[in-house]
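Given next are the chains, with one letter for each unit.
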Amino acid sequence: MKAGMIGLGGMGVGMAHNLAKAGGLEGVYNRTRATSEALAEELQVTAFRRIADLAGAVDMILICVSADRDVLAVVESIVETVRPGTIVADMSTVSRATAQQAAERLAEKRAFFLDAPVSGGVEGAKNGTLAMMVGGDEAVFERAKSMLAAMATRILYMGPTGAGQATKAVNQIMCAGINEAVTEALAFAEAQNLPMDKVIEVIGGGAAGNWFLDKRGLTMTRGIFKPGFRLALHHKDLKICQAMAAEVGVEIPLSDMSVRDYEQLMAEGYGDEDISAMYRLKRRQ
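Residues numbered from 1 in each chain as written. Predicted model: local features only at pLDDT ≥ 70, side-chain atom pairs only at ≥ 80, totals over all residues. Heavy atoms only, no water.

Chemist: Looking at this model, I keep getting lost on the environment of Leu25. Mind explaining?
Modeler: Relative to the elements of secondary structure, Leu25 occurs in strand β2 (residues 25–29). Taking relative accessible area as the criterion, Leu25 reaches 7% and is therefore assigned buried. For Leu25 and Ala187, which are 162 residues apart along the polypeptide, the C-alpha to C-alpha distance reads 44 Å. Contacts of Leu25, omitting those with residues within four sequence positions, involve Ala3, Gly4, Met5, Ala16, Leu19, Ala20, Leu43 and Val45. (Helix = DSSP H or I, 4+ residues; strand = E, 2+ residues; numbered from the N terminus. Buried < 20%, exposed > 50% of the residue type's maximum accessible area, 1.4 Å probe, protein only. Contact = heavy atoms within 4.5 Å.)

Chemist: How do you make sense of the pattern of salt bridges when you look at a structure like this?
Modeler: Oppositely charged side chains are able to pair whenever their charged atoms sit close together. Inspection of every chain in the model, using the stated rule, returns 15 salt bridges. For the salt bridge of Arg50 with Asp53, the shortest nitrogen-to-oxygen distance reads 3.0 Å. What makes Arg50 partly exposed here is its relative accessible area of 44%. On the basis of relative accessible area, Asp53 is assigned to the partly exposed category, the value being 33%. For Arg216, the salt bridge goes to Glu123, with nearest N and O atoms at 2.8 Å. In this pair, Arg216 is assigned in helix α10 (residues 211–221) and Glu123 in helix α6 (residues 121–127), connecting sequence segments 93 residues apart. Via salt bridges that share partners, Arg50, Asp53 and Glu80 belong to a single interconnected network. (Salt bridge = Lys/Arg side-chain N within 4 Å of Asp/Glu carboxyl O.)

Chemist: Would you mind showing me how to read the packing of aromatic side chains here?
Modeler: The relation between two aromatic rings is expressed through the spacing of the ring centres and the mutual angle of the planes. Per the counting criterion, the structure on display carries one aromatic pair. Centre to centre, the rings of Phe141 and Tyr157 are 5.5 Å apart; their planes meet at 35°, and the pair counts as tilted. In this pair, Phe141 is assigned in helix α7 (residues 138–148) and Tyr157 in strand β9 (residues 152–159), connecting sequence segments 16 residues apart. Relative accessible area serves as the criterion here: at 2%, Phe141 is assigned to the buried category. Above the ring of Tyr270, the side-chain terminus of Arg280 is found at 4.1 Å from the ring centroid. (Phe/Tyr/Trp six-rings, centres within 6.5 Å; stacked < 30°, edge-to-face > 60°. Lys NZ or Arg CZ within 6 Å of the ring centre and 35° of its normal.)

Chemist: Help me out: how do you make sense of the pairing of β2 in this one?
Modeler: The side chains of a regular strand alternate, residue by residue, between the two faces of the sheet. The buried count for β2 comes to four of five residues, which makes it a mostly enclosed element. Inspection of the sheet shows strand β1 (residues 3–6) paired to β2 by four bridges, in the parallel sense. Within β2, the position partnered with Met5 by the bridge is Val28. What joins β1 to β2 is helix α1 (residues 10–21), and the crossover it makes is right-handed. The pairing of β2 with strand β3 (residues 46–47) spans two bridges and is parallel. Across the sheet, the residue bridging to Gly27 is Thr46, located in β3. (Pairing = 2+ DSSP bridges. Right-handed = clockwise from strand over helix to strand, strands pointing away.)

Chemist: What is the right way to look at the environment of Thr219 in this model?
Modeler: Relative to the helices and strands, Thr219 is located in helix α10. Sequence-wise, Thr219 and Ser276 are 57 residues apart; in three dimensions their C-alpha atoms are separated by 8.7 Å. Of the polar contacts made by the side chain of Thr219, one reaches the backbone oxygen of Arg216; its length is 3.0 Å. (Polar contact = N/O pair within 3.5 Å; in protein donor to acceptor, adjacent residues only side chain to side chain.)

Chemist: Sorry if this is basic, but what is going on with unusual backbone geometry here?
Modeler: Phi is mostly negative for residues that are not glycine, and the peptide bonds are mostly trans. Positioned with a positive phi, Gln44 is a non-glycine residue whose angle comes to about 60°. Take Gln44: its relative accessible area is 67%, and that puts it in the exposed class. The phi torsion at Asn193 lies on the positive side, around 60°, for a residue other than glycine. A residue is classified by how much of its surface remains accessible, and Asn193, at 70% relative accessible area, is exposed.

Chemist: What's the story with the side chain of Gln165 in this structure? I'm lost.
Modeler: Considering the arrangement of structural elements, one finds Gln165 in helix α8 (residues 163–191). Residue classification places Gln165 among the buried positions, given a relative accessible area of 1%. When sequence neighbours within four positions are dropped, the list of residues in contact with Gln165 reads Asp90, Ser92, Thr93, Val94, Ser95, Arg96, Ala99, Asp115 and Pro117.

As structure tokens, this is what we get:
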């Protein structure tokens, strides 16, 4: 099985490297042609000029773009040339409804769709250690699993189309709460004039230890907010979560708080920083 990757942002480029390392990458496409051409030269694969060209040349198409409208636009280009039996796996974070719409459109061409969003940040994409939650037909998932394993170490089938995105919404809600808690706690520690490196070390070894504290604690307290996960993207994801929650009558107050906090930070020009830039706000409160 040969795959093509569409979308070479911070996540996509790391996943493309790991696919190439596993021998599964046929070519890449990116909206900015220079990006795809440079990576294709590095990996010795094809830089496709159009999505339709890529779609007609591979057995599996992998998508990693930013928003619902981007996914649907990509799918519209794919259906121009996609061959029956091709598997399209979307690793973007979008709504459950978008996943279902994409699956229906591809089914018209007898192609298969998996919603396969990932978690683990840029580091996980680079190291091939992402967690992947997958929705779609289980038999198609089993066919695709060996290719997906080049990018992720924890891959779980969650149910029918849209179940992967619903699970990713759970992840994003949890990330919002963790971000609020960790940044607030560290801002409190700083106000107590505690040695921040030691606070992070000792708290990280106890019941309150978590991935975010371990990976972002020291950098945020040193004023470094290089994006592993861009704040504006988490804001976009949480707006999706809010809409999904409203559909089923569930309240998500911590996520609502994060949306408001992110909007303040975005208004101040911090949208392209890591979500740990929340620390900027907590230090002022």
